[in-house]
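Below are the chains, spelled out letter by letter.
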Amino acid sequence: MRTDFALVLTAALLLDSFPRNNGEHASRGPCRPGFSQSFYSVLISRDVLQGQGIRKVKFDDCVGNEAVVFQSSDPIFGVRPDGSIVAQGEGASLDEPVQFKLTASGPSAHVWETVVQLALIDPPSLLQNGNEVTEEEGKVAERKEASQAPPPVIVFSGSSPNSSRGLRRQKRDWVIPPINVAENSRGPFPQMLVSIRSDQDKDISIRYSITGVGADQPPNEVFNIDPVIGKMFVTKPLDREHRSSYHLRAHAVDMNGNQVENPIDLYIFVIDMNDNRPEFKNQVYNGSVDEGSKPGTYVMHVSAFDGDDNTTANGMVRYRILSQTPHSPIPNMFTINSETGDIVTVAPGLDREKVSQYTIIVQATDMEGNLNFGLSNTATAIITVSDINDNPPMLTSRTFSGEVPENRVDLAVANLTAIDADQPHSPNWNAIYRIISGDPSGHFTIRTDPVTNDGIVTVVKPVDFEMNRAFMLTVVVSNQAHLASGIQSSLQSTAGVTISVQDVNEPPYFPTNPKHIRFEEGVPAGTSLTTFSASDPDRLQMQQTIRYSKLNDPADWLSINRTNGQIVTTAMLDRESVYVKNNIYEATFLAADNGSPPASGTGTLQIYLIDINDNPPALIPRESQICERVNKNVHGVNITAADADTDPNAGPFVFELPNFPSSIRRNWTISRISGNYARLGLRYQIYLEPGVYEVPVIVSDSGNPPLSNRSVIKVKVCPCDEHGDCTTLGAVAAAGLGTGAIISILICIIILLCMVLLFVVWIKRREKERHTKQLLIDPEDDVRDNILKYDEEGGGEEDQDYDLSQLQQPDSLEHIISKPPGVRRVDERPIIPESQYPIRPVVPHPGDIGDFIHEGLRAADNDPTAPPYDSLLVFDYEGSGSTAGSVSSLNSSSTGDQDYDYLNDWGPRFKKLADMYGGGDD
């Protein structure tokens, strides 16, 4: 039975061995040091045990596998430096599967481990008693054993070693091999995986169970086990992309729930199937490459992801190019790395000016690119050929020409055109024009039109026909970006530009402008100041005549000769005039020629006027005040002077009091403070009446000869308080008003106040009379305050009993009976057709106004429908036989019991009544 189990177990392990062996060729992801698998299960033939390689394990320490040492825990099997497992001698026997550990260590202290299990493909049962079996007999026996092979049996580690059906551990570190289950299995389900048993099941009843993810943890019931016989099943198809492995634990207990065996770990690996296509991250990839690139130049990268296991061929993606559009210059301008997806150029000849973009269809196929078995997907790669400056700009002509008028700037005089095959509006296409000769003075510049790329020759500095009649420029054009390596400038990048200068009539100009001259003020009219002449720049033309005129002369002091430009004064020059600023008088003159068309120029003459002593000084201030007592006049009045002249014809000033009248020097005195200031005050022990005094003062300047001026200062002498300030009364008195004038002013103020007071009293009296009009009855009996009006629509019950016949129209009134039917009131409008009044003209004639008024009056009088609203109204008669007596029956009698003394309290309006009725015995 051990032979049967080995045969079935090796068949089961083969499912795990095949995909993992193929996984050695998986595309590399991020490097993780270690063995590619944690468990290797290998089926081998007996004839390879004679010192040959059995299996190569894959190991990578991510640093090149340098100085890596492999070691085996089994002395019969060794490992070569490249990871190949070999048999050390002929003593190796695989009657039962052999399991051992491999370790790998490198320069670092870390050690990596993996487990290798070896089993024979040829079962020992085929060789009995050392006799050979024929090939045909072996095949029949193999088919028979395979058809009758029971499922693998896993025995708990505590089982008896004499068990004939289960695998028995040869060592205490025996590792139970994982159980491999293919994904997407079609069943039927439940599908048996393995049988678990305990050696003690012969003595007692055992119950088996499994726990873990997929059993009693989500996702639940993916795996279950028969609790009696220990067969474990998978209940549904598995998906490796959803979950690649399961870790379960098998338990064995007796009928009382007591643990019989220690739990064992079961590892279930889902074997990958090729059920996922490669998927590109993008459907369209964009890349670029410079034109003229050499073969092997990197262009772009595309990548696809396959959901299958990338350690097997199912997830190993390979790339290839299906098509290229266009095929110019050759159909295969690019190639792709089948493993990495990098696209590179494979041929020269990329030229943006011929082909600016390529479209490439890239195919990704799994199964390592096997088109017969692999799944494929496609994506589009758009490769743009980037422009480089491999085409120098070329001018369309070898010569250009233009014209420019003299004395003009910012004017386009010529247009240069160039062509460039590079990408428009890029630095490789943008043109830069330069003048390399023919313009040493910098009269011209060339500006590039950003739209057309043309060069516009512009004059930036005025040219003179009399100096240069033409310019011969040499222009070179280049790009904003440098030419690519190996590209030379074209001979057509240089051209000549001829610019002709056009002569125009230039205006005359004043060589010295403005012209400065110096003169003393006060020169008489008719004095010749200077000759202000202009020059004509048009020397090569016929001699032109220049005529002069005055353009601006603010004070009208000057005149100019029309032919020679001589300037003569027409009035005396005054430095102190308002037209003179900072001693300079400025006038503007015009010079015009007789060219075609006429031209004119202006010139400015500035006359610096030298000051002379022609203005006497003036006293400042002209009014002041001073205390009447000299002991309080501590400071006096500070005086100075102002002179329109300047130094040395102004200060220092001399202040003097005149000798006449003599009272001036007797009452006043002047003391010098500084060169420009003096103090005017009363003499000591001099008392003056309050008032205004005019004090003459003679002021002299420092000119040569000096000028003097007799000025009068009005000084108010007034009483002062203790602080030396004039009192209010004193200020009034000092203003020149006498006692009589002051009394008159006060009387007028009093009269005005009395008039205002009388007016106010009169107003109050009228207001009081209006409010004292009271009734002749007691205010409590005044019914006007007792009648209240309510919004009632009907009266009470007592108001409903009244005789309506009293309101009927009497038949005895003939003037009322004669009214037309239906009219009950004279002032009521009857219901009859209205009369037609004469139509008034829009604009009546003045003579017809009287006739119009009379005609309208007659029509109104004869109109029966017009009630006499402006006449006496007659109301309907209410009837005769009133139950009320005559009012004349009321008599006024006094019985003496009535007391009318209260009439005296009603005011003057009821005084007469009070005298009549409240007079007592009188």
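Up top is the structure these notes are about.
The structure contained in this document is the topic of the report that follows. (Residues numbered from 1 in each chain as written. Predicted model: local features only at pLDDT ≥ 70, side-chain atom pairs only at ≥ 80, totals over all residues. Heavy atoms only, no water.)

### Side note on the overall build of the protein chain
Alright, step 1. The secondary structure content of the protein chain amounts to eight helices and 50 strands.
Alright, step 2. The buried share of the protein chain, taken over its 922 residues, is 34%.
Alright, step 3. Long-range contacts, defined here as pairs at least 24 residues apart, represent 66% of the contacts in the protein chain between residues at least 6 apart.
Alright, step 4. Only carbon and sulfur atoms are counted for the fraction: they give 52% of the accessible area of the protein chain, which is about 56300 Å². (Helix = DSSP H or I, 4+ residues; strand = E, 2+ residues; numbered from the N terminus. Buried < 20%, exposed > 50% of the residue type's maximum accessible area, 1.4 Å probe, protein only. Contact = heavy atoms within 4.5 Å. Areas by Shrake-Rupley, 256 points an atom, 1.4 Å probe, with all protein chains shown as cover.)

### As for the pattern of salt bridges
Alright, step 1. Scanning all chains against the criterion turns up 13 salt bridges.
Alright, step 2. Among the salt bridges present, the one from Arg575 reaches Asp611, with a minimum N-O distance of 3.1 Å. Residue Arg575 is located in the loop between β40 (566–569) and β41 (584–593), and its partner Asp611 is located in the loop between β42 (600–610) and β43 (618–620); the two are separated by 36 residues in the primary sequence. Asp611 matches Arg575 in its accessibility class, with the two residues each being buried.
Alright, step 3. For Lys911, the salt bridge goes to Asp915, with nearest N and O atoms at 3.5 Å. With Lys911 and Asp915 both in helix α8 (residues 911–917) and four residues apart, this pair spans about one turn of that helix.
Alright, step 4. Taken together, the salt bridges that share partners define one network made up of Arg197, Asp199 and Asp201. (Salt bridge = Lys/Arg side-chain N within 4 Å of Asp/Glu carboxyl O.)

### Re the state of the cysteines
Alright, step 1. According to the stated counting rule, one finds one disulfide in the structure shown.
Alright, step 2. Disulfide pairing places Cys627 opposite Cys720 at an S-S distance of 1.8 Å. Note on the Cys627 and Cys720 pair: the S-S dihedral is about -105°, so by sign convention the disulfide is left-handed. Of this pair, Cys627 sits in strand β44 (residues 623–627) while Cys720 sits in the loop between β50 (708–718) and α4 (728–734), placing them 93 residues apart in sequence. (Disulfide = S-S within 2.5 Å.)

### Re a nonpolar patch on the surface
Alright, step 1. A cluster of nonpolar residues, Leu752, Val756, Phe759, Val760, Trp762 and Ile763, forms a patch on the protein surface that exposes about 580 Å² of accessible area.
Alright, step 2. Take Trp762: it is sitting in helix α5 (residues 739–771).
Alright, step 3. Judged by its relative accessible area of 45%, Trp762 falls in the partly exposed class. (Patch = residues over 30% accessible without salt bridge, like charges linked within 9 Å, V, L, I, M, F, W, Y side chains within 5 Å.)

### Examining the pairing of strand β33 (residues 455–459)
Alright, step 1. With respect to burial, β33 is a largely interior element, five of its five residues being buried.
Alright, step 2. Alternating positions in β33 separate into two faces, Gly455, Val457 and Val459 on one and Ile456 and Thr458 on the other, with burial throughout.
Alright, step 3. Looking at chain direction, strand β29 (residues 411–416) and β33 are connected through five bridges and run antiparallel. The partner of Leu411 across the bridge, within β33, is Val459.
Alright, step 4. As defined by bridge partners, strand β32 (residues 444–448) adjoins β33 across five bridges and the pair is classed as antiparallel. Its bridge partner lying in β33, Ile446 is registered against Val457.
Alright, step 5. The hairpin formed by β32 and β33 contains six residues between the paired strands, and Asn453 there has a positive phi angle of roughly 70°. (Pairing = 2+ DSSP bridges.)

### Brief notes about the nonpolar core
Alright, step 1. Core analysis: the biggest nonpolar cluster contains 27 residues, and Ile196, Phe223 and Met232 have the highest contact counts within it.
Alright, step 2. Among the elements that take part in this core, strand β17 (residues 259–271) stands out by supplying five residues, more than any other.
Alright, step 3. Setting aside anything within four residues of it in sequence, one finds Ile196 in contact with Ile154, Phe156, Tyr208, Ile225, Ile229, Gly230, Ala250, Ile264 and Leu266.
Alright, step 4. Val289, Ile336, Leu350 and Ala381 belong to the second-largest nonpolar core, a separate cluster that totals 24 residues. (Core = buried A, V, L, I, M, F, W, Y, C linked by side-chain atoms within 4.5 Å.)

### Concerning the pairing of strand β26 (residues 376–386)
Alright, step 1. The sheet contact formed by strand β19 (residues 284–290) and β26 spans seven bridges and is parallel. The residue of β26 that forms the bridge with Asn286 is Ile382.
Alright, step 2. Here nine bridges tie strand β25 (residues 357–365) to β26, and the two strands are oriented antiparallel to one another. Pairing of Ile361 across the sheet is with Thr380, part of β26.

### Remarks on the sheet that holds strand β20 (residues 298–301)
Alright, step 1. Judged by pairing direction, the sheet is antiparallel, and its three strands sit side by side in the order β20-β24-β23 without closing on themselves. Strands at the two margins of the open sheet, each flanked by one partner only, are β20 and β23 (334–336). Put simply, the sheet's adjacent strands are angled 25° from each other on average, direction ignored.
Alright, step 2. Across three bridges, β20 lies against strand β24 (residues 342–345) in antiparallel orientation. When the sheet's bridge partners are listed, His301 is paired in β24 with Asp342. (Axes fitted to C-alpha atoms, helices over the stretch in contact; angles between N-to-C directions.)

### Concerning unusual backbone geometry
Alright, step 1. The omega torsion of the bond from Gly187 to Pro188 falls at 5°, within 30 degrees of zero and hence cis.
Alright, step 2. Secondary-structure assignment places Pro188 in the loop between β11 (179–182) and β12 (191–197).
Alright, step 3. Residue Pro329 follows Ser328 across a cis peptide bond; omega there is -5°.
Alright, step 4. Although it is not a glycine, Asn453 adopts a positive phi angle of roughly 70°.
Alright, step 5. With respect to the helices and strands, the residue Asn453 is situated in the loop between β32 and β33.
Alright, step 6. We note that Asn583 has phi near 70°; this positive angle belongs to a residue other than glycine.
Alright, step 7. Mapped onto the secondary structure, Asn583 falls in the loop between β40 and β41.

### Here's the deal with the environment of Ser559
Alright, step 1. Turning to its location among the elements, Ser559 is positioned in strand β39 (residues 558–560).
Alright, step 2. Residues Ser559 and Ser549, ten residues apart in the sequence, show an inter-C-alpha distance of 8.3 Å.
Alright, step 3. Every residue in contact with Ser559, bar those within four places of it in the chain, is listed here: Gln566, Ile567, Val568 and Thr570.

### Brief notes about the packing of aromatic side chains
Alright, step 1. Summed over the entire model, instances satisfying the criterion amount to 16 aromatic pairs.
Alright, step 2. On the basis of an interplanar angle of 75° and a centroid distance of 5.1 Å, the ring pair of Phe223 and Tyr246 is categorised as edge-to-face. Remark: Tyr246 occurs in strand β16 (residues 245–253) and Phe223 occurs in strand β14 (residues 223–225); sequence separation between them is 23 residues. Each member of the pair, Phe223 together with Tyr246, is buried. (Phe/Tyr/Trp six-rings, centres within 6.5 Å; stacked < 30°, edge-to-face > 60°.)

### Focus on the sheet that holds strand β35 (residues 494–502)
Alright, step 1. Read from one edge of the open sheet, four strands run β28-β35-β34-β31, paired in mixed fashion. Edge positions in the open sheet fall to β28 (399–405) and β31 (431–437), since each of these has one partner strand only. When the angles between neighbouring strand axes are averaged without regard to direction, this sheet yields 30°.

### Some thoughts on the environment of Asp306
Alright, step 1. With respect to the helices, strands and loops of the structure, Asp306 is situated in the loop between β21 (304–305) and β22 (318–325).
Alright, step 2. Between the alpha carbons of Asp306 and Phe280 there is a distance of 8.9 Å; along the sequence they are 26 residues apart.
Alright, step 3. Apart from residues lying up to four places away in sequence, Asp306 is in contact with Asn276, Arg277, Pro278, Asn314, Gly315, Val317 and Asp366.
Alright, step 4. A distance of 2.9 Å separates the side chain of Asp306 from the backbone nitrogen of Asp308, its partner in a polar contact. (Polar contact = N/O pair within 3.5 Å; in protein donor to acceptor, adjacent residues only side chain to side chain.)

### A word on the side chain of Asp439
Alright, step 1. Locating Asp439 in the fold gives a position in the loop between β31 and β32.
Alright, step 2. Despite its burial, Asp439 pairs with no opposite charge; the closest candidate is Lys461, at 7.9 Å N-O.
Alright, step 3. At a separation of 2.9 Å, a polar atom in the side chain of Asp439 contacts the main-chain amide nitrogen of His443.
Alright, step 4. Reaching out from Asp439, the side chain makes a polar contact with the backbone nitrogen of Phe444 at a distance of 2.8 Å.
Alright, step 5. Dropping the residues within four chain positions of it, Asp439 is found in contact with Phe444 and Leu473. (Lys, Arg positive; Asp, Glu negative; His and termini not counted.)

### Some points on the side chain of Thr458
Alright, step 1. As for its placement among the helices and strands, Thr458 is situated in strand β33.
Alright, step 2. Thr458 gets classed as buried once you look at its relative accessible area, which sits at 13%.

### Re the environment of His482
Alright, step 1. On the secondary structure map, His482 appears in the loop between β34 (470–479) and β35.
Alright, step 2. Sequence separation between His482 and Pro392 is 90 residues, and the spatial gap between their C-alpha atoms is 9.4 Å.

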